[in-house]
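These are the residues of each chain, in order.
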Amino acid sequence: MGYEYIGFEKDGAIGTLTISRPKALNALNWDTLKDLGSFVENDLPNQELRVLIITGAGDKAFVAGADIAQMSEMSSSEFREYVDYAHKIYDLIENSPYPSIAAVNGYALGGGCELALTCDIRIASEKAKLGFPEVKLGIFPGWGGSQRVTRIMGNGKAKELIYTGEMVSAEEALRLGLVERVVPHEVVMKEAMELAASIAARAPLAISAAKQAINTGSEMKLKEALNLEKDLIDGCFDTDDRAEGMKAFLEKRDPDFKGK
Ligand code: CAA
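What counts, and where the lines are drawn
- Residues numbered from 1 in each chain as written.
- Predicted model: local features only at pLDDT ≥ 70, side-chain atom pairs only at ≥ 80, totals over all residues.
- Heavy atoms only, no water.
- Domains from an automatic or database assignment.
- Contact = heavy atoms within 4.5 Å.
- Buried area = accessible area lost by both parts, 1.4 Å probe.
- Salt bridge = Lys/Arg side-chain N within 4 Å of Asp/Glu carboxyl O.
- Axes fitted to C-alpha atoms, helices over the stretch in contact; angles between N-to-C directions.
- Helix = DSSP H or I, 4+ residues; strand = E, 2+ residues; numbered from the N terminus.
- Parallel < 35°, antiparallel > 145°, perpendicular 65-115°, else oblique.
- Nonpolar A, V, L, I, M, F, W, Y, C, P; charged D, E, K, R; others polar.
- Left-handed = near helix turned anticlockwise from the far one by under 90°.
- Near = heavy atom within 4 Å.
- Polar contact = N/O pair within 3.5 Å; in protein donor to acceptor, adjacent residues only side chain to side chain.
- Areas by Shrake-Rupley, 256 points an atom, 1.4 Å probe, with all protein chains shown as cover.
- Pairing = 2+ DSSP bridges.
- Phe/Tyr/Trp six-rings, centres within 6.5 Å; stacked < 30°, edge-to-face > 60°.
- Buried < 20%, exposed > 50% of the residue type's maximum accessible area, 1.4 Å probe, protein only.
- Lys NZ or Arg CZ within 6 Å of the ring centre and 35° of its normal.

The next thing to look at is the domain arrangement of the chain. Segmenting the chain into domains produces domain 1 (6–200) and domain 2 (204–250). In this structure, domain 1 and domain 2 have C-alpha centres spaced 27 Å apart. Taken together, the contact between domain 1 and domain 2 spans 12 residues of the former and six residues of the latter. Interface area, domain 1 with domain 2, both sides summed: about 600 Å², of which 47% is carbon and sulfur. On the domain 1 side of the interface with domain 2, the three residues burying the most area are R50, P97 and R151, jointly 45% of the side's total. One can count two salt bridges joining domain 1 with domain 2. E219 is paired through a salt bridge with R151; the nearest N and O atoms lie 3.4 Å apart.

So, about the packing of helix 3 (residues 76–94) against helix 4 (residues 111–118). In contact at an axis separation of 8 Å, helix 3 and helix 4 are set at 30 degrees when each is read in the N-to-C sense. Relative to helix 4, the element helix 3 is oriented roughly parallel. Taking contact as the criterion, the partners of Y90, I93 and E94 in helix 3 are, on helix 4, G111, E114, L115, L117 and T118. Looking at the contact of helix 3 with helix 4, its residues break down into four nonpolar, two polar and two charged.

If you want to describe how two helices pack, look at the angle between their axes and the distance between the axes. Packing of helix 5 (residues 145–153) against helix 6 (residues 155–164) leaves a shortest axis separation of 7 Å and a crossing angle of 135 degrees. What the angle tells us is that helix 5 and helix 6 run oblique. In the packing of helix 5 onto helix 6, the handedness of the crossing is right-handed. Contacts between helix 5 and helix 6 pair S146, V149, T150 and M153 from the former with N155, K157, A158, L161 and I162 from the latter. Looking at the contact of helix 5 with helix 6 residue by residue, the class counts come to five nonpolar, three polar and one charged.

Moving on to the site of the ligand. Around the ligand, 25 residues are found, and the nearest of them are K60, A64, A66, G111 and E134. In the model, an oxygen atom of the ligand is placed 2.7 Å from a nitrogen or oxygen of the K60 side chain. In this structure, A64 approaches the ligand through a main-chain N or O atom, which is 2.9 Å from a nitrogen atom. For the ligand, whose free accessible area comes to 970 Å², the fraction covered by protein is 63%. Elements supplying a minimum of two residues to the shell around the ligand: helix 2 (68–72), strand 6 (107–109) and helix 4.

Across a sheet, paired strands are connected by hydrogen bonds in the backbone, their directions being either parallel or antiparallel. Reading across the sheet, the six strands line up as 1-2-3-5-7-10 and stay open at both edges, with mixed pairing between neighbours. Each edge of the open sheet carries a strand with a single partner, namely strand 1 (6–11) and strand 10 (181–183). Strand-to-strand twist across the sheet, computed as the mean angle between neighbouring axes with direction ignored, equals 20 degrees. Two elements, strand 1 and strand 2 (residues 14–19), share six bridges in a ladder whose sense is antiparallel. Considered in strand 2, the bridge of K10 is made with G15.

Counted by the stated rule, this structure contains six aromatic pairs. Summarising the aromatic geometry, the rings of Y3 and F39 are spaced 6.3 Å apart at their centres and angled 85 degrees between planes, so their arrangement reads as edge-to-face. Linking Y3 in the segment before strand 1 with F39 in helix 1 (residues 30–43), this pair joins segments that are 36 residues apart in sequence. Taken together, a centroid distance of 5.1 Å and an interplanar angle of 80 degrees make the contact between Y82 and W143 edge-to-face. Within this pair, whereas Y82 is found in helix 3, its partner W143 is found in the loop between strand 8 (129–131) and helix 5, the two being separated by 61 residues in sequence. Residue Y82 is classed as buried on the basis of its relative accessible area of 0%. Three or more aromatic residues joined by ring pairs form one cluster here, namely W30, Y82, Y85, Y90 and W143. Over the ring of W30 we find K34; its NZ or CZ atom is 4.1 Å from the centre of that ring. Above the plane of the ring of Y85 lies K34, whose end atom (NZ or CZ) is 5.8 Å from the centre.

The subject of this paragraph is the pattern of salt bridges. In this structure the tally under the stated criterion is 16 salt bridges. When the shortest N-O distance is used, the salt bridge between R21 and D67 registers 2.7 Å. Of the two residues, R21 is situated in the loop between strand 2 and helix 1 and D67 in the loop between strand 4 (61–63) and helix 2; the sequence distance between them amounts to 46 residues. Exposure class is identical for R21 and D67. Each is buried. R175 serves as the salt-bridge partner of E172, at 2.9 Å between the closest nitrogen and oxygen. Remark: R175 and E172 occur in helix 7 (residues 170–176); sequence separation between them is three residues, near one turn of the helix. Classification of E172 by relative accessible area gives partly exposed; the value is 26%. According to the relative accessible area criterion, R175 is exposed, its value standing at 58%. Connected through salt bridges with shared partners, the residues E244, K247, E251 and R253 form a single ionic network.

Now the structure itself:
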């Protein structure tokens, strides 16, 4: 696809997007963020995936955040443009119909941790370190982190993490609910692929509907969210995959879902 700072590979219906700027621990300078954004806006929707995995190139980092060297030279309006663009792209990833997994293979800091938080599920290497060092730089997590992490961990723990700027180990991140699994470093991609394969075998429209129910519903009042859930499950009921799933159960065989 001709991107310099991201890679994309497809294995069946599982796509792996790799942020690739290892000499700077995959920090998202403008060029890297633009590659990510262009891929997400223009290429991702046509991939017909069942699961998207996001990871970082190299052995040390998922993504070490926004690019500090570049930010230090930005004007206020340039900085606002950088923030606006990151928000736009992170929203698109979070609300993509594809379920997503962050394979956190090392440092996930600042904008990198915020990128992991746009994914539905996070699997971390036991060597990973996560956190929001922004207050050490005179800013705070502003690519969605202050809002997404609070919704995941609750206000108190999120404030502790953000106010101190300290990184946490993968095990601590698991305890905090910041990641769903911690696995040996060497198998982080294997585990992500296995989880992706098990999700990819399920009914894709049902998973997209569940994702929408959870993402959109969690922003609504309970009664509205319950109504949304009813509408979405009605939509699932009218799919070929629903008929296939129930038929396969009754015939004691594996279903063959087509995403229709
Ligand atoms: N921006 C720019 N360059 C970065 C970077 C970043 N976020 N993180 C790492 N790098 C660069 C380093 O400058 C270094 O480059 P040089 O070799 O040219 O000096 C290279 O990557 C390797 O890094 P280190 O030598 O520092 O590696 P280390 O193992 O000693 O330390 C680290 C690793 C603890 C992750 C350290 O690099 C670090 O603290 N990085 C900054 C992390 C950070 O503060 N992230 C938040 C950024 S702000 C943000 O993201 C704002 C927001 O809300 C969106």
